[in-house]
Amino acid sequence: MSQAAMHAWDPKAQSPGVTVDPLAIDRLDQAAAADKTATMNPAAQNANEFTGERVIPGQVDDDLWAEHIARYAFAARFAAGRRVLDLGCGTGYGTAELARTARAATGVDVAASAVAYASEHYPGAHFLAMSATQLTLPDKSFDLVTSFELIEHLEDWQTMLAEANRVLDPQGLLIVSTPNKLYYAEARGESGPNPFHAHEFEYEEYRAALASVFPHVRILLQDRMESFGFYEPKGATRADGHIVRADGDPTQANFFVAICSQKPLPGTTAFLYIPSATNLLRERELHVAKLRGELSKVRGWLDSITTERDQLLTQFRDLQQHLEEQNEWASGLETDLQSVQARVAQLQDEFMAEQARATETVTAYQKHVVALEEDVQAKTEWALDRDKYLNTALDQLEQTVTLLDEAEATVTERTAWAQSLDAEAQYLSAQLDLVRQSRWVKLGSKVGLGPRLDAGMGDSAVVRQDDRGIPD
């Protein structure tokens, strides 16, 4: 049998005079979770939603809150009058609890938004933005260093342990916690590995990792357990405890909480944290009654669902029969479709053949058109030549017509002249005939006097004259 110190803790308790702004918490939850995991786990640098890795008072369920605040309640047993450093302090609620009894309490976190929130809400502690693997703090400046649920987030967790050892007084303590890898992996089930964890530890591996820096290591198990309480109705915060049998299995533990030091460790007793002192059995009975009521509702709902299911089955059978009829109709359509497809294929073949023939015809027509174009071109050239020739001939013809007109005018003129001469000749011939018939002429001819009348060109006579114009 062993003794245990029991501590009743209000999971809603905060530092005096502190109020929580839900909007500020929500903004912090989104920004701080991203800041913290971005440095702790490069694989999760884009996380910007609440993941459960950053605990914010008033924004988590009671069980998760109790799980985290219980570790600070345990660490507070070692904080009285000491200089305390809280690595990975997050929103600062734990650092503030340690500050209640510590000589001084400092919280550091890589997320600047978390440090800003902590500084605003918990003025009793001091908060700094820095990485747990790069502490800009003096050597041997703290008596107690806490690091809860941080080591599993770090790729370079060895450096964090070395830094914690550097800033610790040689007589100081490091209290560091981490989930049990075996239990944690099983508990997450289908959710798979936590994307924010860089390295998780089993019990012996965890002991060896801590022992590589601290020669004195004691690992405690953190679990939920069954118990009975004896307490006054109001005001009870401290209690004695009695553990009848401690047979915890490290492989089945929820969390490992280790106390480490360069010097031999002080004796410790088991610590029980009670989130709320109440009749758990009564709560369970009430919860069972509530579940029974819900079960009754579920059964009524199930009966209703069963009735609906039967109706749906009837509808299903009707639909199935209708479907079979439609399938038969569809089968007939499929046969018709196959026939149509065959006819379409036949028409396509005929179309291809017609298309081939049309192509041949078009090719022949094209050749004929080319020949016609060549013939038209030749005839056009010939027509142009003929046009040129005709134009030349027309010019010549116009010149000929002009000449003919001139010749015609000349002929007309000469004809008129000839007619005039003919008329004159006829007149002279008539006169000559008169002369010839004249007895005087005849008489003179006989005696050799008068003009000599010669016959020529028919009956015409020519009167010869001498140079003086006197007929011979």
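Residues numbered from 1 in each chain as written. Predicted model: local features only at pLDDT ≥ 70, side-chain atom pairs only at ≥ 80, totals over all residues. Heavy atoms only, no water.

Along its length, the protein carries nine helices and 12 strands. When each of the 472 residues of the protein is scored for burial, the buried share is 29%. Long-range contacts, defined here as pairs at least 24 residues apart, represent 72% of the contacts in the protein between residues at least 6 apart. When the accessible area of the protein is evaluated, it comes to approximately 30400 Å², of which 55% is carbon and sulfur surface. (Helix = DSSP H or I, 4+ residues; strand = E, 2+ residues; numbered from the N terminus. Buried < 20%, exposed > 50% of the residue type's maximum accessible area, 1.4 Å probe, protein only. Contact = heavy atoms within 4.5 Å. Areas by Shrake-Rupley, 256 points an atom, 1.4 Å probe, with all protein chains shown as cover.)

Let us now look at unusual backbone geometry. The backbone phi angle of K140 is positive, close to 55°, even though this residue is not glycine. Topologically, K140 is positioned in the loop between β4 (126-129) and β5 (142-148).

A separate point is the pattern of salt bridges. The tally for this structure, following the rule as stated, stands at nine salt bridges. Two residues, R224 and D63, come together in a salt bridge whose shortest N-O distance is 3.5 Å. Of this pair, R224 sits in the loop between β7 (216-222) and β8 (238-243) while D63 is found in helix α2 (residues 62-75), placing the two residues 161 residues apart along the sequence. Given a relative accessible area of 63%, R224 falls into the exposed group. When salt bridges that share partners are traced, they join D139, E163 and R166 into one network. (Salt bridge = Lys/Arg side-chain N within 4 Å of Asp/Glu carboxyl O.)

With the rule as written, the count across this model stands at nine aromatic pairs. Ring geometry for F74 versus F78: centroids 5.5 Å apart, planes at 70°, classification edge-to-face. One exposure class covers both F74 and F78, and it is buried. Summarising the aromatic geometry, the rings of Y203 and F256 are spaced 5.4 Å apart at their centres and angled 70° between planes, so their arrangement reads as edge-to-face. On the criterion of sequence distance, the pair formed by Y203 in helix α7 (residues 203-211) and F256 in strand β9 (residues 255-261) is long-range, its members being 53 residues apart. The class of Y203 is buried, set by a relative accessible area of 18%. Ring pairs connect the aromatic residues W157, F201, Y203, Y206 and F256, which therefore count as one cluster. Over the face of the ring belonging to F255 we find R71, whose NZ or CZ atom lies 4.6 Å from the ring centre. (Phe/Tyr/Trp six-rings, centres within 6.5 Å; stacked < 30°, edge-to-face > 60°. Lys NZ or Arg CZ within 6 Å of the ring centre and 35° of its normal.)

So, on to the pairing of strand β6 (residues 168-179). Here β6 lies mainly inside the structure; nine of its 12 residues are buried. Two strands pair when backbone bridges link them, and β5 and β6 are joined in this way by six bridges, in the parallel orientation. Opposite F142, over in β6, you have L168 as the bridge partner. Considered for its hand, the β-α-β crossover made up of β5, helix α5 (residues 157-167) and β6 is right-handed. Where β6 meets β9, six bridges bridge the pair, whose relative direction is antiparallel. (Pairing = 2+ DSSP bridges. Right-handed = clockwise from strand over helix to strand, strands pointing away.)

Among the surface-exposed residues, L295, V298, W301, L302 and I305 lie close enough to one another that they form a single nonpolar patch of about 450 Å² accessible area. Looking at the secondary structure, you find L302 in helix α8 (residues 280-437). (Patch = residues over 30% accessible without salt bridge, like charges linked within 9 Å, V, L, I, M, F, W, Y side chains within 5 Å.)

Sheet architecture is open: seven strands sit in the order β4-β3-β2-β5-β6-β9-β7, paired in mixed fashion. In the strand order of this sheet, the two ends are held by β4 and β7, each with one partner. The mean inter-strand angle of the sheet, taken between neighbouring strand axes irrespective of direction, is 15°. Sheet strands in contact with helix α4 (residues 112-121) are β3 (104-109) and β4, and its direction is about 165° off that of β4. Taken strand by strand, α7 contacts β6, β7 and β9, and its axis lies near 145° from that of β7. (Axes fitted to C-alpha atoms, helices over the stretch in contact; angles between N-to-C directions.)

On to α5. In an α-helix, one turn spans 3.6 residues, which is why side chains three or four residues apart end up on the same side. Taken together, the buried positions of α5 are occupied by W157, M160, L161, E163, A164 and V167. Taken around the axis of α5, the buried residues stretch over an arc of 160°, which confines them to a single face. Each element contacted by the buried residues of α5 is listed here: β2 (83-87), β5, β6 and α7. (Arc of directions from axis to C-beta.)

This next bit is on the confidence of the model for the protein. Confidence in the prediction for the protein averages 82 pLDDT; 82% of positions are at 70 or higher. Considering each helix and strand of the protein separately, the mean pLDDT is smallest for helix α1 (residues 22-40), with a value of 41, and largest for β2, with 98. This model gives residues 8-50 a pLDDT under 50, and the stretch forms 88 contacts once residues within four places in sequence are excluded. Under a pLDDT of 50 for its full length, residues 456-472 has, in the predicted model, 35 contacts with residues more than four places off or in other chains. (pLDDT = per-residue confidence, 0-100.)

Sheet analysis places β3 next to β4, joined by four bridges and oriented parallel. Of the residues in β4, the one forming a bridge with D109 is A129. Once the chain exits β3 it traverses α4 before rejoining the sheet at β4, and the crossover so formed is right-handed.

The residue N194 is located in the loop between α6 (181-188) and α7 in this model. Within the structure, N194 has its side chain in polar contact with the backbone nitrogen of F196 (distance 2.8 Å). (Polar contact = N/O pair within 3.5 Å; in protein donor to acceptor, adjacent residues only side chain to side chain.)

Taken together, the buried positions of α7 are Y203, Y206, A209 and L210. Across the axial projection of α7, the buried residues extend over an arc of 130°, all falling on one side. Where α7 is buried, its residues meet α5, β6, β7 and β9.

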